[in-house]
Protein chains: 2
Amino acid sequence: MGDKAEKTKERILEEAYDLFAQKGFKDVTMSEICKRTGLSRGGLYRYYTGTEEIFSEILSKTYPLTGRMDKKESAAKILEEMLSTLQEEIMDRERSLSLAIYEYASLGNEGFFQILLKKAKKRWMDLMVYGMEQKEFKKVDPDMVSDMILYYYQGLRMWSRVTPLERKAAEHYGRMVREMLLEE
Amino acid sequence: MGDKAEKTKERILEEAYDLFAQKGFKDVTMSEICKRTGLSRGGLYRYYTGTEEIFSEILSKTYPLTGRMDKKESAAKILEEMLSTLQEEIMDRERSLSLAIYEYASLGNEGFFQILLKKAKKRWMDLMVYGMEQKEFKKVDPDMVSDMILYYYQGLRMWSRVTPLERKAAEHYGRMVREMLLEE
């Protein structure tokens, strides 16, 4: 795919993200995405078959990790960057996709989320194993700690949509994960 | 209020809980609650002014705690009981109120949830301070640890509705909280 096509896809995902965060999944239409991106109907359908495909691509986007471990970057540094991204996301209640996730799941996409959760968990577990090998992280049970990291984040993300959170709530999240993994 | 009235209220809350878990908040009507409880419209309105009042009463119900601390019961025992209740709830996806909570919040009840969160947090912090005074719990930062306990639970509760969780996920929750609070 050429550069221009990549950029168009990027723009579609960006605009669709805002719409899903605002309205949930069900109420977002391809026409709206056309309007927001300035694409014609034909132009949009050249890239995506429907809102399902767009939404699932948004959720599947992840922070690049494997390459950095291959290059033997510091596990603590990777962790810091991931946490600072997550903490920003937690406070950014306008961009929470929790409602859209709910709606998308209730349309029979349970299997999709099962795979998504597994992948997210594997990424955290890989980072922990790597950090322990590098002697940067404490000896922890990666299976248990990755569950905590994932669901604790999801809980914050959901509640940030329900009611405004204090910044302290996001800070506690980062501090808890650091205390679990890093030597003092 | 007499015994019979108490029982009727109990039944209303039970039946309404099932409806909210199934359908969210917006789509549940007082007529449905009449049908499920066998009460007449007048009978139901004698107890509650509407679904808002019923829902907020359901969410405000809490595990009794203060009395047990006054009686100097073991903090570890209270913790075990709370965790076993929470773990059951996590696995009971049919009874997750997360969607209803979302909808209720989006109707302008943010303040209600702010108070609810504060109360829930205070209960956990009180238990931690008590457990530390009794020398049963490790020295922790109650402010941070109570956030973890609350939001981690909410994340599990939300995802149990999105996709079936393994029992291990609920077990990890209990184990994490125990490891944070109890000496080995």
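Parameters at a glance
Residues numbered from 1 in each chain as written. Chains lettered and ligands numbered in written order. Predicted model: local features only at pLDDT ≥ 70, side-chain atom pairs only at ≥ 80, totals over all residues. Heavy atoms only, no water. Helix = DSSP H or I, 4+ residues; strand = E, 2+ residues; numbered from the N terminus. Contact = heavy atoms within 4.5 Å. Polar contact = N/O pair within 3.5 Å; in protein donor to acceptor, adjacent residues only side chain to side chain. Buried area = accessible area lost by both parts, 1.4 Å probe. Salt bridge = Lys/Arg side-chain N within 4 Å of Asp/Glu carboxyl O. Nonpolar A, V, L, I, M, F, W, Y, C, P; charged D, E, K, R; others polar. Phe/Tyr/Trp six-rings, centres within 6.5 Å; stacked < 30°, edge-to-face > 60°. Buried < 20%, exposed > 50% of the residue type's maximum accessible area, 1.4 Å probe, protein only. Least-squares fit on C-alpha atoms with pLDDT ≥ 70 in both. Expected span 1.5 Å × (residues − 1). Axes fitted to C-alpha atoms, helices over the stretch in contact; angles between N-to-C directions. Parallel < 35°, antiparallel > 145°, perpendicular 65-115°, else oblique. pLDDT = per-residue confidence, 0-100.

A short note on the environment of Glu136 of chain B
Residue and element names in this part refer to chain B.
- You can see Glu136 is positioned in the loop between α8 (110-133) and α9 (142-162).
- Those residues in contact with Glu136 that lie beyond four places of it in its chain are Ser74, Ala75, Ala76, Gly131, Leu181, Leu182 and Glu183.
- Reaching out from Glu136, the side chain makes a polar contact with the side chain of Ser74 at a distance of 2.9 Å.

Re the interface of chain B and chain A
- Facing the 37 residues of chain B at the interface are 36 residues of chain A.
- Together chain B and chain A conceal approximately 3,500 Å² of surface at their shared face, both sides included; 69% is due to carbon and sulfur atoms.
- For the chain B face of the interface with chain A, the top three residues by lost area are Tyr102, Met144 and Trp159 of chain B, together amounting to 21%.
- For the pair chain B and chain A, the interface holds six salt bridges.
- Its salt-bridge partner being Arg93 of chain B, residue Glu110 of chain A comes within 3.2 Å of it at the nearest N-O pair.
- One can count 19 residue pairs in polar contact (both at pLDDT 80 or more) joining chain B with chain A.
- Among the elements of the structure, α7 (98-106), α8, α9 and α10 (167-181) of chain B are those that each provide at least two residues to the side of chain B that touches chain A.
- Of the residues in the side of chain B that touches chain A, the class split is 20 nonpolar, seven polar and ten charged.

Considering the packing of aromatic side chains
- Per the counting criterion, the structure on display carries 23 aromatic pairs over all chains.
- Relative to Phe113 of chain A, the ring of Phe112 of chain A lies with its centre 5.3 Å away and its plane at 75 degrees, an arrangement referred to as edge-to-face.
- Ring centres of Phe25 of chain B and Phe55 of chain B lie 5.4 Å apart, and the angle between their planes is 45 degrees; this geometry places the pair in the tilted category. Of the two residues, Phe25 of chain B sits in the loop between α1 (3-23) and α2 (30-37) while Phe55 of chain B sits in helix α4 (residues 51-60), which places them 30 residues apart along the sequence. Grouping residues by exposure puts Phe25 of chain B and Phe55 of chain B together as buried.

Let's talk about the relation of the copies chain B and chain A
- When chain B is fitted onto chain A, the two copies agree to an RMSD of 0.0 Å after a turn of 180 degrees and an axial shift of 0.0 Å. A rotation of that kind, with that shift, is consistent with a two-fold axis.
- When the interface residues of chain B are mapped onto chain A, 97% of them again lie at the interface, so the same face is used by both copies.

Some thoughts on the environment of Pro164 of chain B
- Structurally, Pro164 of chain B can be placed in the loop between α9 and α10.
- Assessed through its relative accessible area of 34%, Pro164 of chain B is described here as partly exposed.
- For the pair Pro164 of chain B and Met91 of chain B, spaced 73 residues apart in the sequence, the C-alpha separation amounts to 8.5 Å.
- Once residues lying within four places of it in the same chain are set aside, the contact partners of Pro164 of chain B are Glu110 and Gln114 of chain A together with Arg93 of chain B.

What to know about the side chain of Thr8 of chain B
Residue and element names in this part refer to chain B.
- In this fold, Thr8 is placed in helix α1.
- Residue classification places Thr8 among the buried positions, given a relative accessible area of 9%.
- Of note is the side chain of Thr8, whose polar atom sits 2.9 Å from the backbone oxygen of Lys4.

Quick notes on unusual backbone geometry
Residue and element names in this part refer to chain B.
- The phi angle at Lys72 is positive, at roughly 60 degrees, despite the residue not being glycine.
- Considering the arrangement of structural elements, one finds Lys72 in the loop between α5 (66-70) and α6 (75-91).
- One non-glycine residue, Lys135, lies in positive phi territory at about 60 degrees.
- Relative to the helices and strands, Lys135 resides in the loop between α8 and α9.

Concerning helix α9 (residues 142-162) of chain A
Residues and elements named next belong to chain A.
- Under the 1.5 Å per step criterion, the end-to-end length of α9 is 30 Å for 21 residues, consistent within 8% with the ideal 30 Å.
- For α9, the buried fraction is high: 20 of the 21 residues fall into the buried class.
- N-capping of α9 is provided by Asp141, with a side-chain oxygen placed 3.0 Å from the backbone N of Asp143.

Description of the packing of helix α10 (residues 167-181) of chain A against α9 of chain B
- At a minimum axis distance of 9 Å, the contact between α10 of chain A and α9 of chain B shows a crossing angle of 95 degrees. Considering their axes alone, α10 of chain A and α9 of chain B lie roughly perpendicular with respect to each other. Contacts between α10 of chain A and α9 of chain B involve Lys168, Ala169, His172, Arg175, Met176 and Glu179 of chain A from the former and Asp143, Met144, Val145, Asp147, Met148 and Tyr151 of chain B from the latter.
- Residue composition of the contact of α10 of chain A with α9 of chain B, grouped by class: six nonpolar, one polar and five charged.

Digging into the confidence of the model for chain A
Residue and element names in this part refer to chain A.
- Counting all residues, the mean pLDDT for chain A is 92, and 99% of those residues have values of 70 or more.
- Averaged over each element, pLDDT in chain A is lowest for helix α7 (residues 98-106) (86) and highest for helix α2 (residues 30-37) (97).
- Across the predicted assembly, pTM comes out at 0.89 and ipTM at 0.88.

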